[in-house]
Amino acid sequence: MRHILPCLVIALAACSGSVDDDGDGYGNDVDCNDKDPSIHPMADETCDHVDNNCDGMIDNDPIDGVSWVADNDGDGYGATYRACEMPAGTVVVAKGGDCKDDDAKTYPGSREKETPLDGIDTDCDGRDYCTDLNCDGLPDVVLPSHYDGDYVVNQSPMLLSGSGGWNLDPTSIDQNGSLGTAVADFNKDGYLDIVYASYSGATGVNTDSFVYWGPDYKESKRTALPTHGAHWPAIADFDGNGFLDIVFADNTDGVATNADNTPKSPNATDSYIYWNRDGAFSGTDRLALATNGATYVSVDDLDGDGYIDIVFSDYADNGVYDTTSYIYKGDATHSYSMAKRISLPTTGCYKNTIVDVDLDGRKDVVMWSHFTGTVHQTNANYIYWNKPETGFSADQRTALQGNGGQRGEVVDLNGDGHLDIIVPGYYNGTMGGWADMTQSFIYWGNAANVYDNTNRTALSTRGAIMAIVGDVNADGHPDILFPSVYDGDSMANAYLFFGNAGGQYNDANKIQLPDFHTQSGSAIIDFDHDGFMDVFLPGYHWNMTGADADPWSNIPKSRIYWGSATGLRDNNYGEWPSRGAWGPTVVGQ
């Protein structure tokens, strides 16, 4: 190494063969004044009538100059300028952030359509691609339909923002009992694409799930991916090739015998990873992963090794709810082999959440229990702890009592630095039936990471299968939304519990919002960007009297309850027809 050391310690100018007369490290080939060490290409420009940084301009953008925001294109937003003096006649505006101040259609919050990858960031959000379905910067909703009296449903698939508010996309598509959706840009064209997980079609549960390609989402351009009673999709780059792949949680193939006619469970079917090859999918280019009645899948790097792991919730195996859910470990081979599969005992586990519950830097898994096979009261909501020494195992878990929720939430509700766990309450099975309220629970986090019945808060709900958290009333404290799927009638009430400064929640501090048999897919988000959070409740079913001869002839509605300066009210909403809406995805922020 000694023979190259001089070039490492001698000034850059000398190594390049130029002369550095002023000793500032820059030779006379780039230094515009090699007699003054304060002048060189990396110097700060100042108001001294000298080109300090050798860019050919004098006193441009000086560090000791004055700054102002001027709107040169008249769109109400300006860019920041700096000079030694502000030019006479300059009109200063309060709103800055204009990333292209010579184009009146480009400014922060612009609703002009984003044209992906054209070099113009229309809404100045730092992204020259679409973040919603119609590229106007406002949230949209993928609105799948699971059932309308038949699994083959022809219905509008999207609720889109526009100049007059939100409207259903006028083009209907055929859906095969869609249960879950996901959104991503699979081919890197700047437009979002939509994945529909199909449960059952004209040929039964062995049907096609679909990728609908943006921006037009036409049936003629969709890609069919065979699945078996698919419930849910998840998206990640599983093989590290730079393109996002899709994994489906397949529930059943409807077949009770193997190829050799030996008995098998219809739920013992494969789930699939479909590989994305340079922005395209094939119905045959896939990896099979053995599951038993899977109803949900989530993905993340659980142990920080740089590879994506896959967590399946297996709900029931041929009517047996005490079954096994699985973690498929990722590695450099991207094979997701059964040799590295982790088996976790679960009971009626409908969904799961990946989250670092104890904040030790390793992500844990919460398995949510909906049904035991006889009752919805279950002690099988499990926190499976990801231990540094052993990872996951059947004996490293904490059991939480619940009343049939399908997926809760894990969040710090009271700001004490510990994560709290919300378990929704669906049905308690008492003698009063649906006339009796059941209980949702908040299990409070603590320094010892002990979650049990002695440190929890009970909230009265009915028919709640999900929990969503957001600050609806803008008081700085998180609120909890429990959509209701049923309370003895499919026109039920969602419950919105308001938080307070003490991190407390109780039955006296809540409102009710009527919904239509709301399944998964609710959201708390500011749809219209007015600064107030709104609540989205998808509409699945409406049995008006509770005993209608043809209940699917009634048209349920999906609703957005609008937030405002006076709060959220049960009579301030927009609604749209949506038979069988299950598993919508809100797209955009």
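For clarity, every value in this text was computed on a predicted model and none was experimentally measured.

Student: Explain the overall build of the chain to me, and be specific about the residues and the numbers.
Tutor: Helix and strand counts for the chain stand at two helices and 36 strands. Going through the 589 residues of the chain one by one, you find that 52% of them count as buried. Of all intrachain contacts in the chain linking residues separated by at least 6 positions in sequence, the fraction that spans at least 24 positions is 45%. Working note: accessible area of the chain is about 24,600 Å², and carbon and sulfur atoms make up 51% of it. Counting 32 positive and 89 negative side-chain charges, the chain places the averaged centre of each group 8 Å from the other.

Student: I'd like a description of the packing of aromatic side chains, backed by residues and values.
Tutor: Applying the stated rule across the entire model yields 32 aromatic pairs. Arranged with centres 5.2 Å apart and planes meeting at 75°, the rings of Tyr-147 and Trp-552 form a pair that is edge-to-face. In this pair, Tyr-147 sits in the loop between strand S3 (140-142) and strand S4 (152-155) while Trp-552 sits in the loop between strand S33 (534-537) and strand S34 (557-561), placing the two residues 405 residues apart along the sequence. Residue class for Tyr-147 comes out partly exposed when judged on its relative accessible area of 25%. Considering the side-chain rings of Tyr-196 and Tyr-212, the 5.4 Å spacing of their centres and the 80° angle between planes classify their relative orientation as edge-to-face. Placement of the pair is Tyr-196 in strand S9 (residues 193-198) and Tyr-212 in strand S10 (residues 206-212), with a sequence separation of 16 residues. When sorted by exposure, Tyr-196 lands in the same class as Tyr-212, which is buried. Taking the ring centre of Tyr-326 as reference, the NZ or CZ of Arg-341 above it sits at 3.6 Å. Between Arg-456 and the ring centre of Phe-441, over which it is positioned, the NZ or CZ distance is 3.8 Å.

Student: Before we move on, can you summarise the environment of Phe-371 with the specific residues and values?
Tutor: Looking at the secondary structure, you find Phe-371 in the loop between strand S21 (364-369) and strand S22 (377-384). Spatially, the C-alpha atoms of Phe-371 and Tyr-321 are 7.4 Å apart, while their sequence positions differ by 50 residues. Leaving out residues up to four positions away in the same chain, Phe-371 has contacts with Tyr-315, Tyr-321, Thr-347, Gly-348 and His-376.

Student: Account for the pairing of strand S14 (residues 268-274), naming residues and giving values.
Tutor: Most of S14 sits out of view: five of its seven residues are buried. The pairing of S14 with strand S15 (residues 286-292) spans seven bridges and is classified as antiparallel. Note on S15: the bridge partner recorded for Tyr-274 is Arg-286.

Student: Describe the pattern of salt bridges, listing the residues and the values that go with them.
Tutor: Inspection of every chain in the model, using the stated rule, returns 13 salt bridges. Of the charged contacts in the structure, one is a salt bridge between Lys-363 and Asp-300, with a shortest N-O distance of 3.0 Å. Taken together, the positions of Lys-363 in the loop between strand S20 (349-355) and S21 and Asp-300 in strand S16 (residues 294-300) put the pair 63 residues apart, joining distant regions of the chain. Judged by relative accessible area, which is 23%, Asp-300 ranks as partly exposed.

Student: Got a sec to walk through unusual backbone geometry? Specific residues and values, please.
Tutor: In this model, Gly-214 is joined to Pro-215 through a cis peptide bond whose omega is 10°. Inspection of the secondary structure puts Pro-215 in the loop between S10 and strand S11 (223-228). The phi angle at His-49 is positive, at roughly 60°, despite the residue not being glycine. Assignment of secondary structure puts His-49 in the loop between helix H2 (12-16) and strand S1 (66-70). Of note in this structure, Asn-318 is not a glycine but carries a positive phi near 55°.

Student: Explain the state of the cysteines residue by residue, including any values.
Tutor: For the structure shown, the criterion picks out four disulfides. Across a sulfur-sulfur distance of 2.2 Å, Cys-32 and Cys-54 are joined as a disulfide pair. Disulfide Cys-32-Cys-54: torsion about the S-S bond near -80°, hence left-handed. One end of the pair, Cys-32, is in the loop between H2 and S1; the other, Cys-54, is in the loop between H2 and S1, with 22 residues separating them in the sequence. When its relative accessible area of 44% is taken as the criterion, Cys-32 is described as partly exposed. When its relative accessible area of 19% is taken as the criterion, Cys-54 is described as buried. A sulfur-sulfur separation of 2.0 Å characterises the disulfide bridge that pairs Cys-130 with Cys-135. Looking down the S-S bond of the Cys-130 and Cys-135 bridge, the torsion is 100°, so its handedness is right-handed. Comparing Cys-130 with Cys-135 shows no difference in burial state: the two are buried. Across the chain, the way the bonded cysteines pair up, counted in sequence order, is 1-3, 2-4, 5-6, 7-8.

Calculation rules
- Counting from 1, residues in each chain are numbered in the order their sequence is written.
- Note on the predicted model: pLDDT of at least 70 is required for a residue's local features to be given, and 80 or more for side-chain atom pairs to be given and counted; whole-chain, interface and lining totals, by contrast, use all residues.
- Excluded from the side-chain calculation are hydrogens and water; included are all heavy atoms of the structure.
- Helix and strand labels come from DSSP, where a helix needs a run of H or I of at least four residues and a strand needs a run of E of at least two; each type is numbered from the N terminus.
- Burial here depends on accessible area, computed with a 1.4 Å probe over protein chains only, as a share of the maximum for the residue type. Under 20% is buried, over 50% is exposed, and the range in between is partly exposed.
- We call two residues in contact whenever any of their non-hydrogen atoms come within 4.5 Å of each other.
- Areas reported here follow the Shrake-Rupley algorithm with a probe of radius 1.4 Å; residue values treat only the protein chains shown as occluding.
- Charged residues are defined here as Lys and Arg on the positive side and Asp and Glu on the negative side; His and the ends of the chain fall outside this count.
- To locate a charge, take atom NZ for lysine, CZ for arginine, CG for aspartate or CD for glutamate.
- Two rings belonging to Phe, Tyr or Trp (six-membered ring only in the last case) form a pair when the distance between their centres is within 6.5 Å. Interplanar angles under 30 degrees mark stacking, angles over 60 mark edge-to-face geometry, and anything in between is tilted.
- Two conditions define a charge sitting above a ring: the NZ of Lys or the CZ of Arg must be within 6 Å of the ring centre, and it must be within 35 degrees of the ring normal.
- What makes two strands pair is DSSP finding at least two bridges between them.
- Take a side-chain nitrogen of Lys or Arg and a carboxyl oxygen of Asp or Glu: if they are within 4 Å of each other, that pair is a salt bridge.
- The term disulfide is used for any two cysteine sulfur atoms that are within 2.5 Å.

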